[in-house]
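Residue strings, one per chain:
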Amino acid sequence: FAHLTYIYPIEDLHQSDDPPMLHIGRAGADGIEFVFRRGVPGVWAYYPIERDLRPLADTLGAFVAGWLDGTIKV
């Protein structure tokens, strides 16, 4: 398990408009970030190289639990 912050502290949260999303954390590889999408439920992985979004979990709690137990991967 790497020692990195996968969920940003509140002061590091940031928004983007194309596509509209709130960046809430990072995977630690390839620039992949965890995001909330405006108007779309759940936590998503954003792959900036491909500009691709993939669903990870229905809630932040489910995401954290799955990330920590290894059932959610990017």
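Placed above this text is the structure.
First things first, this report covers the structure right here in the doc. Just so it is clear, the model here is predicted, and its values are computed rather than measured.

In this section: unusual backbone geometry. Looking along the chain, the bond that leaves Asp-18 and enters Pro-19 is cis, with omega of 0°. In the Ramachandran plot, Asp-30 falls in the positive-phi region, its phi being about 55° despite a non-glycine side chain. Structurally, the position occupied by Asp-30 is in the loop between strand E2 (20-26) and strand E3 (33-37). The class of Asp-30 is exposed, set by a relative accessible area of 60%. For Arg-51, which is not glycine, the phi torsion reads 55° and is therefore positive.

Before going further, it helps to examine the side chain of Glu-33. In this structure, Glu-33 sits in strand E3. Buried charge without a salt bridge: Glu-33, with Arg-26 as the nearest opposite-charge side chain at an N-O distance of 7.5 Å. In terms of polar contacts, Glu-33 uses its side chain to reach the side chain of Tyr-8, at 2.5 Å. Apart from residues no more than four positions distant in its own chain, Glu-33 is found in contact with Tyr-8, His-14, His-23, Gly-25, Arg-26, Trp-44, Ala-45 and Tyr-46.

Pairing within the open sheet is antiparallel, and its five strands lie in the order E1-E2-E3-E4-E5. The sheet is open, and its two edges are formed by strand E1 (14-17) and strand E5 (52-57), each paired on a single side. Taking the axes of each pair of neighbouring strands and ignoring which way they run, one obtains an average angle of 40° across the sheet. Here five bridges tie E3 to strand E4 (residues 40-47), and the two strands are oriented antiparallel to one another. Residue pairing across strands places Phe-36 opposite Val-43, the latter belonging to E4.

Next up on the list: the nonpolar core. Residues Phe-34, Leu-56, Phe-63, Trp-67 and Ile-72 are the most contacted members of the largest nonpolar core, which totals 13 residues. Among the elements of the structure, E4, E5 and helix H1 (60-69) are those that each provide at least two residues to this core. Here this core takes three residues from E4, the largest share from any one element. If we skip the residues at most four places from it in the chain, Ile-72 touches Leu-56, Ala-57, Ala-62, Phe-63, Gly-66 and Trp-67. Val-35, Trp-44, Tyr-46 and Leu-53 belong to the second largest nonpolar core, which has five residues in total.

Definitions and cut-offs
Residues numbered from 1 in each chain as written. Predicted model: local features only at pLDDT ≥ 70, side-chain atom pairs only at ≥ 80, totals over all residues. Heavy atoms only, no water. Helix = DSSP H or I, 4+ residues; strand = E, 2+ residues; numbered from the N terminus. Buried < 20%, exposed > 50% of the residue type's maximum accessible area, 1.4 Å probe, protein only. Lys, Arg positive; Asp, Glu negative; His and termini not counted. Salt bridge = Lys/Arg side-chain N within 4 Å of Asp/Glu carboxyl O. Polar contact = N/O pair within 3.5 Å; in protein donor to acceptor, adjacent residues only side chain to side chain. Contact = heavy atoms within 4.5 Å. Pairing = 2+ DSSP bridges. Axes fitted to C-alpha atoms, helices over the stretch in contact; angles between N-to-C directions. Core = buried A, V, L, I, M, F, W, Y, C linked by side-chain atoms within 4.5 Å.

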